[in-house]
Amino acid sequence: MSSTLNVQLRAFHAVATEGSFTKAARAVGVSQSTLSIEVKALEQRYGVQLFRRSGRAIELTLLGTELLTFTNRTFTAQAEAVELLQGTSRVPTGTLRLGADGPFHAMPLVAAFTARHDGARVRMTVGNAQRVLADLVDIRLDVALLARVPGDPQLYALPLWHDPVHVLLPRDHPLARMRSVPAPLIARERLVMREAGSMTRETVERAFAAVDLPLTPWMEVEGREASREAIAAGLGIGFMSAAELTPDPRFVSRPIAGCRVEMDEYVVCLRERQRLAIVRAFLDIAAEASRARREAAAPGPGVRSAG
């Protein structure tokens, strides 16, 4: 690859990753006009369009999206090679690209990570588990927090913790009077379910199917907030991990009786990238948090279990 082409591809990669010429110029320390010239030269060189421009807004074309997958791998591999030659530095620097299927487990880890490593930055994206996993495999992310991990040998998964899933009800719903709601009663209700690819939905459907209670969504919505608002509007009842529940006078949450519904949470990375300083540093934070939570949940000295 010629040095000119390398410069042009790096300019494209910076703009595509940051989502704007202004942010990219700030991130790489060059002028916005320099980036614009290099990207335009790359497009003219091959007679292609990599970005759609509308005023100040830009959007990747289909070809640009495909090219970003390749530049991700190319420049990530170069950075990893340099780190390896430098002795796999133990001081994490640069930006950790973190993906999560929800912000609730992620934010305490981000806070601990940035407090310990003030030379590192975090860029976090939240989406459903399917999208986050795809971005991790394509190296658009360094680390991901996911509720379930496929048995893929290229992935390293660190168990974080597990949480029960509760049924979420409007406060004036008849089932809200119960301390826990039997699974058969839930299955008869109008159900507001998350989109396909949501781990909450997949976990709930799998658990109910195991006790011969297949669920049929009455309404399907994309995203956690949309689900909450639909339930608040009285359109049905839904489900949410206990860790994600926040005080809200419109709702009550109740444990599910007669059906064990739990979500496991993992910190995941590509196995081949486990040794990178910034990835390893985040894994260390996650392992400490998991250990602290297990110790806090364990019975203290002198406490005996019944039996």
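Position labels on residues start from 1 in each chain and follow its written sequence. Local features in a predicted model are, by the rule used here, given only for residues with pLDDT of at least 70; side-chain atom pairs are given and counted only at 80 or more, and totals for whole chains, interfaces and linings are based on all residues. Working from all heavy atoms in the structure, the side-chain values ignore hydrogens and water.

## Brief notes about the side chain of D163
Put simply, the rule reads: Here a helix means four or more residues in a row that DSSP labels H or I, a strand means two or more in a row labelled E, and each is numbered from the N terminus. Accessibility here uses a 1.4 Å probe with only protein chains present; expressed as a share of the type maximum, an area under 20% marks a residue as buried, one over 50% as exposed, and anything in between as partly exposed. Between two residues, a contact is recorded if the distance between any of their heavy atoms is within 4.5 Å.
Residue placement: D163 occurs in strand β6 (residues 155-170). Given a relative accessible area of 6%, D163 falls into the buried group. Apart from residues no more than four positions distant in its own chain, D163 is found in contact with H105, S241, A243, V261, E262, M263 and R293.

## Examining the pairing of strand β10 (residues 238-241)
For a regular strand, side-chain orientation follows a simple rule: the groups alternate between the two sheet faces. For the record, the criterion: Paired strands, in this sense, are two strands between which DSSP finds at least two bridges.
Side chains of β10 alternate between two faces, with G238 and M240 and F239 and S241 buried alike. In terms of strand pairing, β6 meets β10 through four bridges, oriented antiparallel. Paired with L168 across the bridge in β10 is G238.

## Describing the pattern of salt bridges
Counted only if it meets this: Take a side-chain nitrogen of Lys or Arg and a carboxyl oxygen of Asp or Glu: if they are within 4 Å of each other, that pair is a salt bridge.
The tally for this structure, following the rule as stated, stands at 17 salt bridges. R228 is the salt-bridge partner of D248, the closest N and O atoms lying 3.2 Å from each other. Note that D248 is positioned in the loop between β10 and β11 (251-254) and R228 in helix α9 (residues 224-232), a separation of 20 residues in sequence. Given a relative accessible area of 16%, D248 falls into the buried group. In this structure, the salt-bridge partner of R250 is E229, at a minimum N-O distance of 3.0 Å.

## What to know about the packing of helix α2 (residues 21-28) against helix α3 (residues 32-46)
Let me state the cut-off plainly: What counts as an axis is a line fitted to C-alpha atoms, over the stretch in contact for a helix, and the angles between N-to-C directions run from 0 to 180 degrees. Each angle receives one of four descriptions, namely roughly parallel if under 35 degrees, roughly antiparallel if over 145, roughly perpendicular if within 65 to 115, and oblique otherwise. Only Asp, Glu, Lys and Arg are considered charged in this grouping, and only Ala, Val, Leu, Ile, Met, Phe, Trp, Tyr, Cys and Pro are considered nonpolar; every other residue, Gly among them, is considered polar.
Between α2 and α3, the least distance of the axes is 8 Å, while the angle of their chain directions is 110°. Here α2 is positioned roughly perpendicular relative to α3, judged by the angle of their axes. Together, F21, T22, A24, A25 and V28 of α2 and Q32, L35, S36 and V39 of α3 make up the contact between the two elements. Tallied by class, residues from the contact of α2 with α3 come to six nonpolar, three polar and no charged.

## Considerations on the packing of aromatic side chains
As a reminder, the rule being used: The rule is short: rings of Phe, Tyr and Trp, with Trp giving its six-membered ring, pair when the centres are within 6.5 Å, and they are stacked under 30 degrees, edge-to-face over 60, tilted in between.
Overall, the coordinates contain four aromatic pairs when judged by the stated rule. With 5.9 Å between their ring centres and 70° between their planes, F208 and F239 make a pair best called edge-to-face. Highlighted residues: F208 in helix α8 (residues 199-210) and F239 in strand β10, separated in sequence by 31 residues. Side by side, F208 and F239 carry an identical accessibility label, which is buried.

## What about helix α1 (residues 3-18)?
Rule in force here: The span expected for a helix works out to 1.5 Å for each residue beyond the first.
Counted at 1.5 Å a residue, the expected span for α1 with its 16 residues is 22 Å, and the 22 Å between its end C-alpha atoms agrees. Where α1 is concerned, the buried positions are L5, Q8, L9, A11, F12, H13, A14, V15 and A16. With its phi angle positive at about 85°, G19 sits one or two positions after the end of α1.

## Quick notes on the environment of G197
Considering the arrangement of structural elements, one finds G197 in the loop between β8 (192-194) and α8. Judged by its relative accessible area of 15%, G197 falls in the buried class. Measuring from C-alpha to C-alpha, the distance between G197 and D172 comes to 30 Å, with 25 residues separating the pair along the chain. Other than its neighbours up to four places away in sequence, G197 contacts N128, A129 and Q130.

## Points about the confidence of the model for the protein
Here is the rule we go by: Every residue is assigned a pLDDT by the predictor, reflecting its confidence on a scale from 0 to 100.
The predicted model of the protein has a mean per-residue pLDDT of 85, with 93% of residues at 70 or higher. Overall, residues 303-307 carries pLDDT values under 50, and its contacts beyond four positions in sequence, including any with other chains, amount to zero contacts.

## Examining empty space enclosed by the protein
Spelled out, the test is: Put simply, the grid is 1 Å and covers the protein atoms alone, a cavity is a trapped set of points that fit a 1.4 Å probe, a pocket is an open set with protein on both sides within 12 Å along at least five of seven lines, and lining residues have an atom within 4 Å of a point. Grid points are joined across faces, edges and corners, and a volume is the space filled by probe spheres set on the points.
As enumerated under the stated definition, the model contains three cavities of 30 Å³ or more in all. For the largest cavity, the lining is made up of 14 residues, of which D101, T200, R224, E244 and M263 are closest to its centre. Mapped by element, the contributors of at least two residues to the lining of the largest cavity are α8 and β13 (262-270). Counted by class, the lining of the largest cavity contains three nonpolar, five polar and six charged residues.

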